[in-house]
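# Inside the fold
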Amino acid sequence: MSNLKEINRRRTFAIISHPDAGKTTLTEKFLLYGGAVHLAGSVTARKNQRSSTSDWMELEKKRGISISSTVLQFDYKGFKINLLDTPGHEDFSEDTYRVLTAVDAVVMVIDAAKGIEAQTKKLFEVCRKRAIPIFTFINKMDRPALEPLALIDEIESVLGIGAFPMNYPLGTGMDFKGVFDRISKEIHLFEKTTGGQYIAPVSIHDLSDPMVKNKMSEDSYNKLIEEIEMLDTAGEQFDSASVIEGTLTPVFFGSAMNNFGVQLLLDGFLSYAVPPAPRNSTKGIIKPEDDTFSGFIFKIQANMDPKHRDRIAFLRVCSGTFTRDMQAIHVNSGKKIRLSNSQKMFGQERETVDEAFPGDIVGFVGNSNFGIGDTITEDPSIIYKEIPKFAPEHFVLMHNPNPSNYKKFRDGLDQLLQEGVIQAYYLKSSVQKVPLLGAVGPLQFEVVQYRLESEYGAESRLEQTNWKVLRWVSPEVSMEDLENLVLPAGAALANDAAERTVILFTSEWSLNYFKDKSPKIVLSDIPFAAEAIEK
């Protein structure tokens with residue numbers, strides 16, 4: 001129980017959004033307000049601007065998108081904050097899903113002009129299934145925007161969650177001047193800074209202050225008073241227990257680019273977000289304050305430092321206290337290991353970690369035995385089953401066009417496969433062992449090709465295939481039955497990296513036709529031993 005004080009000051013969360021809603025910009029502004037950076041940059045990396053602190057990969061800078069998930073830790077008002085920056089692009093949603101297993105809350109960013117978008121809805125559903133508390137930031141209020149009440153209504157009707165505006169905007173677009181804090185009953189008026197690089201000056205006033213009226217047109221001010229009264233009488237009631245249960249989202253309005261409302265969001269989040277929660281394991285519920293150290297690997301990233309050609313396995317500490325060089329058990333291999341080379345990240349920068357507590361994220365450099373989903377613990381009876389697996393939906397064959405570079409090609413691909421963003425399969429009918437790569441989104445193949453060449457000096461050639469659906473075959477199906485299978489046209493048998501048999505289909509129709517004709521063959525959209533079985 002000695003680590004209870006440290007546990008209670010931890011807050012571990014991720015930011016989710018549809019691409020271009022402002023997720024990476026908000027990440028930077030949290031760091032600015034947390035004192036972790038003194039000058040905020042821009043992810044688009046325009047000329048004469050710094051690139052984003054959290055987007056470090058060259059391809060990310062070129063395309064202006066987040067591809068990797070970065071871990072950022074900083075101190076703010078007595079709290080130790082672990083912020084997991086996640087890919088926004090839908091092709092990297094599997095990586096985001098894994099990150100969401102390691103957090104205790106999320107901040108959902110919504111573009112004020114677009115409302116709820118497809119990727120936001122998809123990620124929200126993942127959070128709902130895990131009952132993760134959700135805080136909402138409606139961004140870009142200083143641009144043309146939908147009506148605030150319409151945005152609140154859309155959150156409730158489209159996502160099916162209660163929404164309580166913690167503050168309310170004073171105008172939209174060019175008329176956006178600040179927000180009314182519904183908890184303190186105060187008006188916060190903001191001033192722009194050059195490029196939003198510095199903390200925005202703010203002045204606080206009463207709603208009846210003449211300065212507030214002078215800042216707004218008479219119609220806008222009257223509309224504000226009317227809508228605030230409407231929310232007070234007919235809107236959701238605030239209940240912190242409902243926030244923790246994930247059935248009510250506190251909503252904040254602002255502009256991340258101009259730093260309007262960022263501090264109110266950060267302070268509001270810390271007021272109602274909870275410290276690290278207990279976790280389910282094969283041994284039962286594991287509490288953060290338990291003395292036994294335990295955690296699980298939720299992400300692996302190769303070449304965060306291209307100079308060193310290394311890989312980092314990110315572990316979420318779930319219980320006990322981690323100390324550098326301690327002895328623990330890698331449950332998946334059964335081996336006793338010494339936990340050295342422990343580091344914490346700040347984007348691409350690293351710092352040695354001597355001690356970590358539940359909620360913290362520790363990166364282990366260079367341990368090739370660690371895989372995604374692995375449990376590391378002092379008690380081998382504790383196994384966490386946190387990481388979801390997904391069947392790929394896009395498949396390409398990856399060829400090595402330069403045989404003299406085979407070792408570079410093989411080593412580079414092996415290391416990138418360990419990150420788990422793409423998966424490799426090998427066709428049973430193939431004479432040459434050409435890897436068939438599977439991914440949730442096709443942009444992942446471009447990233448693999450780019451990284452193979454830039455980080456390992458290995459060229460590659462992609463060959464498109466017609467497969468769209470993959471299913472794992474039950475291990476109870478005998479070899480004889482497999483050899484006698486009658487597959488639909490275009491379907492093929494393959495093995496995954498663990499030598500499990502899979503069937504590749506060209507369409508859902510092809511899969512359903514096979515199931516009708518071979519009802520005894522049990523299939524699953526996740527590897528066995530699996531939960532979801534198709535009959």
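Residues numbered from 1 in each chain as written. Predicted model: local features only at pLDDT ≥ 70, side-chain atom pairs only at ≥ 80, totals over all residues. Heavy atoms only, no water.

### Looking at the sheet that holds strand β7 (residues 167-170)
Hydrogen bonds along the backbone pair up the strands of a sheet, which may run parallel or antiparallel. In space, the four strands of this open sheet follow the order β7-β8-β9-β10, with antiparallel pairing throughout. Looking at strand neighbours, the two that pair on one side only are β7 and β10 (202-206), the edges of this open sheet. Across the sheet, the mean angle separating the axes of adjacent strands is 25° when strand polarity is ignored. Relative to strand β9 (residues 186-190), strand β8 (residues 178-181) runs antiparallel, the two being bridged by four bridges. Residue F180 lies in a different strand from β9, and its bridge partner there is I187. (Pairing = 2+ DSSP bridges. Helix = DSSP H or I, 4+ residues; strand = E, 2+ residues; numbered from the N terminus. Axes fitted to C-alpha atoms, helices over the stretch in contact; angles between N-to-C directions.)

### Brief notes about the nonpolar core
Counting residues in each nonpolar core, the largest one holds 108 residues, and the members touching the most others are L26, F30, V107 and L339. Excluding anything up to four places from it in sequence, L339 contacts F293, F322, T323, R324, D325, M326, A328, F364, F370 and I376. Listed in part, the 16 residues of the second largest apolar core include V396, L416, A424 and Y426. (Core = buried A, V, L, I, M, F, W, Y, C linked by side-chain atoms within 4.5 Å. Buried < 20%, exposed > 50% of the residue type's maximum accessible area, 1.4 Å probe, protein only. Contact = heavy atoms within 4.5 Å.)

### Considering the packing of helix α11 (residues 406-418) against helix α12 (residues 443-456)
With their axes 10 Å apart at the nearest point, α11 and α12 run at an angle of 125° to one another. Put simply, α11 runs oblique to α12. Crossing handedness for the pair α11 and α12: right-handed. Each of K408, F409, G412, L413, Q415 and L416 in α11 lies in contact with α12, whose residues at this interface are V448, R451, L452 and Y456. For the contact of α11 with α12, the class distribution of residues is six nonpolar, two polar and two charged. (Parallel < 35°, antiparallel > 145°, perpendicular 65-115°, else oblique. Left-handed = near helix turned anticlockwise from the far one by under 90°. Nonpolar A, V, L, I, M, F, W, Y, C, P; charged D, E, K, R; others polar.)

### Comments concerning helix α8 (residues 218-234)
With 17 residues, α8 extends 24 Å between its outermost C-alpha atoms, agreeing within 8% with the 24 Å of an ideal straight helix rising 1.5 Å per residue. For α8, the full list of buried residues reads Y221, L224, E227, I228 and L231. Angular distribution of buried residues about the axis of α8 spans 130°; they occupy a single face of the element. Turned more than 90 degrees away from the buried face of α8, the exposed residues are E218, D219, E226, T233 and A234. Buried residues along α8 sit against α6 (148-159), β6 (162-165), β7, β8 and α7 (210-215). (Expected span 1.5 Å × (residues − 1). Arc of directions from axis to C-beta.)

### Considerations on α11
Counted at 1.5 Å a residue, the expected span for α11 with its 13 residues is 18 Å, and the 18 Å between its end C-alpha atoms agrees. What α11 keeps buried is the set F409, R410, G412, L413, Q415, L416 and L417. G420 sits one or two residues past α11 and shows a positive phi near 80°.

### Details of the pairing of strand β22 (residues 361-365)
Where burial is concerned, most of β22 is hidden: five out of the five residues are buried. Judged by which residues are buried, β22 turns out to be covered on both faces: I361, G363 and V365 on one side and V362 and F364 on the other are all buried.

### A few points about the packing of aromatic side chains
A complete count under the given rule lists 16 aromatic pairs for this structure. Relative to F253, the ring of Y168 has its centre 5.9 Å away and its plane inclined at 70°; by these criteria the two rings are edge-to-face. Here Y168, found in strand β7, pairs with F253, found in strand β11 (residues 248-253); they are 85 residues apart in sequence, far enough to count as distant. One exposure class covers both Y168 and F253, and it is buried. Members of the aromatic cluster, joined through ring pairs, are F13, F30, F135 and F269. The lysine or arginine in question, R182, covers the ring of F164, its NZ or CZ lying 4.5 Å from the ring centre. (Phe/Tyr/Trp six-rings, centres within 6.5 Å; stacked < 30°, edge-to-face > 60°. Lys NZ or Arg CZ within 6 Å of the ring centre and 35° of its normal.)

### Some words on the environment of E147
Tracing the chain through its elements places E147 in the loop between β5 (134-139) and α6. Exposure remark for E147: the relative accessible area of 40% places this residue in the partly exposed category. Residues E147 and T172, 25 residues apart in the sequence, show an inter-C-alpha distance of 8.2 Å. Not counting the four nearest positions on each side in its chain, E147 is found in contact with K223 and E227.

### Overview of the pattern of salt bridges
Here the structure, examined in full by the defined rule, presents 22 salt bridges. Across the pair D75 and K80 runs a salt bridge, and its minimum N-O distance is 3.2 Å. Classification of D75 by relative accessible area gives partly exposed; the value is 40%. Judged by relative accessible area, which is 12%, K80 ranks as buried. Residues participating in the shared-partner salt-bridge network are E6, R9, R10, D75, K80 and D360. (Salt bridge = Lys/Arg side-chain N within 4 Å of Asp/Glu carboxyl O.)

### A word on the packing of helix α2 (residues 23-33) against helix α10 (residues 262-272)
Relative orientation of the contacting elements α2 and α10 amounts to 80°, with a least axis distance of 10 Å. Compared by their axis directions, α2 and α10 come out roughly perpendicular. Across the interface between the two elements, L26, K29, F30 and Y33 from α2 touch V262, Q263, L265 and L266 from α10. Grouping the amino acids of the contact of α2 with α10 by side-chain chemistry returns six nonpolar, one polar and one charged.

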